[in-house]
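A structural walkthrough
Letter by letter, the chains look like this.
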Amino acid sequence: MHQNNEPNPGRIRILVGDERKFLWNPLSNVIVVCRIKGPISEKRLRNAINKAKEIHPLLSSRVVYDEDNKAYFYNDHVPEIPLRVVEWKSDNQWQEELNYENRIPFKIFKGPLIRFVLIKSSEVSDFMVYGQHAICDGRALVYLIRDMLYHTAEPDREVKRLPLPPNLSSEGLSPYSLKKSSLKESLRTSLKKFMINRMNKKWRNDLVLFDQNDFENIHKAYWNENEYRIELLELSEGQTSNLISRCREQGVTVNSALSTAFLAAHHHISGPFKGKNRNVALPIDLRGRMKVPDVFCLYISRVIFQFDYNPKRNFWQNVKRFHDTATNNINSAFLFEPLLTIEQMDPTLIDAIASFGILAETVPPGFTRYDKLSTFASDKNNEAIKLAHRFLKLSPGTVMTNLGNPDVPDVYGDIKVEKMYFAPSTDERFPLVIGALTAGGKLVVTLNYVEESRIDEMKKIRDMAFDLLEV
């Protein structure tokens, strides 16, 4: 591992467990594309990137490991954030550029952990932000685009650096997470801690450390064989308004309607989910709950619950069931629990489980780290390998991330935001991965997948989901 043999200038903060979970995964990249009407200056955009670096400390960062393999974000000695400019050729060109970016691994220890692409024409342009999930979530990218458009339209606009929010760790969350525990909860917590300590001990007996070369091997192996695919469901302003009104009449959220529409479509086209695939995962933005400003970082938790679409009831009855189930789970969940649980794990075990434990076996002969990674993958008694495949079997069938309608202006000087596309990242573990974002008055939904064999199936699911919404 890259060791920190220098003092602490440039140190921002430690990585928490959830950030570490995504750091070495070649699939864990978050993308937001903003379609802009009007002329946009490359020079002003580059200036806006530099201004945004002052606002958001993690924007230009790298990772440093210390002698105990704790990881820290640093913002010193980080190369310039790439801004790649290409000529606009087609409406969906941004998906081609996304796949181009997917094949370029981030330099974890050198940084930066984000890149920009401007697909430019004189009348309309797409501005893509491609970020490593350890430093951002979808909402963070939307706020970043807003700040950059402000400074693009107003080059002399004052820069206001945002303070770092509380870390999503036991230290940062202690003022918010204290609660009285019942005897049953205390016993459950103690048992969980015992099990994690035992896992950590077993792992340290067979410890394997990974570095940038190992990461680039699994990255290349994965993206040589896969291509990120997206089916779009785009609503006009009128259709978006109709859907919002219909959901209000039914007493449900747009998120519930979208989730149920895709679950219903999957049920009718691909069949009902079975086993653990019946679970639905909903990421939850913590900014509002923690009362922090529009910070650029990974600041989410999640709830997971079981839901079966019932074809004997009509669509809106199913939406109501989904809405009630989701609301009850969100209201009753201790949203900090997943963050506090992963923190108890040895950080090098998190590295191993979340990426290498699953992808090391995909590295073919001839790759520079084949011997190391294939040996690691073949050790079925290694704790990381066992846990990686156990978690693989527990993956939910549906992941629905709706960024909603963030408080972001549509007009910045001479340029106007027409709409935004959100690609939350996915892989073959998840049959349904849906990203939704409303901007410029238009709701755009992405259905995300990687398997070429599913193209026809996913198009049919997209089309049926649209029909069910009746907009």
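In what follows, the accompanying structure is described. All figures in this text were calculated on a predicted structure; none of them were measured in a lab. (Residues numbered from 1 in each chain as written. Predicted model: local features only at pLDDT ≥ 70, side-chain atom pairs only at ≥ 80, totals over all residues. Heavy atoms only, no water.)

1. Topic: the overall build of the protein
The helix and strand inventory of the protein stands at 16 helices and 15 strands. Radius of gyration (C-alpha) of the protein: 22 Å, near the 23 Å computed for a compact globule of 471 residues. Overall size of the protein, expressed as C-alpha extent along the three principal axes, is 60 × 60 × 50 Å. Burial status across the protein gives 56% buried among its 471 residues. The long-range share in the protein, meaning contacts at least 24 apart out of those at least 6 apart in sequence, stands at 78%. Accessible surface for the protein amounts to roughly 20600 Å². Of this, 49% is attributable to carbon and sulfur atoms. Mean positive and mean negative side-chain charge positions of the protein (64 and 59 charges, respectively) differ by 5 Å. (Helix = DSSP H or I, 4+ residues; strand = E, 2+ residues; numbered from the N terminus. Rg over C-alpha atoms; globule rule 2.2 N^0.38 Å. Buried < 20%, exposed > 50% of the residue type's maximum accessible area, 1.4 Å probe, protein only. Contact = heavy atoms within 4.5 Å. Areas by Shrake-Rupley, 256 points an atom, 1.4 Å probe, with all protein chains shown as cover. Lys, Arg positive; Asp, Glu negative; His and termini not counted. Charge placed at Lys NZ, Arg CZ, Asp CG, Glu CD.)

2. Looking at helix 7 (residues 212-225)
Between the first and last C-alpha of helix 7 there are 20 Å, a value that for 14 residues agrees with the 20 Å anticipated at 1.5 Å per step. Listed in full, the buried residues belonging to helix 7 are Gln212, Asp214, Phe215, Asn217, Ile218, His219, Ala221, Tyr222 and Trp223. Its buried side turned inward, helix 7 meets helix 3 (93-102), helix 13 (347-359) and helix 14 (370-378). (Expected span 1.5 Å × (residues − 1).)

3. Digging into the environment of glutamate 428
Structurally, glutamate 428 can be placed in the loop between strand 13 (415-423) and strand 14 (432-439). Judged by its relative accessible area of 43%, glutamate 428 is partly exposed. The spacing of glutamate 428 and threonine 325 is 103 residues in sequence and 26 Å in space, taken between C-alpha atoms. Those residues within four positions of glutamate 428 in sequence are excluded, and the remaining contacts are Tyr222, Asn226, Val450 and Glu451.

4. Some details on the nonpolar core
When a protein is soluble and globular, its nonpolar side chains tend to lie buried together. Counting 149 residues, the largest nonpolar core has Val63, Ile114, Phe116, Phe127, Phe296 and Phe376 as its most contacted members. Counting residues per element, this core draws most heavily on helix 9 (residues 254-269), which supplies eight residues. Apart from residues lying up to four places away in sequence, isoleucine 114 is in contact with Leu59, Ile81, Pro82, Phe106, Val129, Tyr130, Gly131, Ile135, Leu141, Leu144 and Phe296. (Core = buried A, V, L, I, M, F, W, Y, C linked by side-chain atoms within 4.5 Å.)

5. Brief notes about the sheet that holds strand 2 (residues 29-37)
As summarised here, the arrangement of the six strands in space is 5-6-7-2-13-12, forming an open sheet in which the pairing is mixed. Of all strands in the sheet, those with a lone pairing partner are strand 5 (83-87) and strand 12 (411-412), marking the two edges. Sheet topology note: the strand 6 (residues 114-120)/strand 7 (residues 124-132) ladder contains six bridges and is antiparallel. From the neighbouring strand, arginine 115 faces strand 7, where its bridge partner is tyrosine 130. (Pairing = 2+ DSSP bridges.)

6. Concerning the sheet that holds strand 4 (residues 71-74)
Within the open sheet, the three strands sit side by side as 1-4-3. Their pairing is antiparallel. This sheet does not close on itself; its edge strands, each paired only once, are strand 1 (11-14) and strand 3 (62-65). For this sheet, the mean inter-axis angle between neighbouring strands, taken without regard to orientation, is 35°. Looking at chain direction, strand 1 and strand 4 are connected through three bridges and run antiparallel. Each residue of the ladder has a partner; that of arginine 13, found in strand 4, is phenylalanine 73. (Axes fitted to C-alpha atoms, helices over the stretch in contact; angles between N-to-C directions.)

7. A short note on the packing of helix 8 (residues 237-250) against helix 9
Their axes nearest at 9 Å, the elements helix 8 and helix 9 cross at an angle of 100°. With respect to helix 9, the axis of helix 8 lies roughly perpendicular. Residues Leu243, Ile244 and Cys247 of helix 8 touch helix 9, and the partners they reach there are Val254, Ala257 and Leu258. Partitioned by chemical class, the residues of the contact of helix 8 with helix 9 number six nonpolar, no polar and no charged. (Parallel < 35°, antiparallel > 145°, perpendicular 65-115°, else oblique. Nonpolar A, V, L, I, M, F, W, Y, C, P; charged D, E, K, R; others polar.)

Read these as layout, nothing more, since geometry by itself doesn't imply function.
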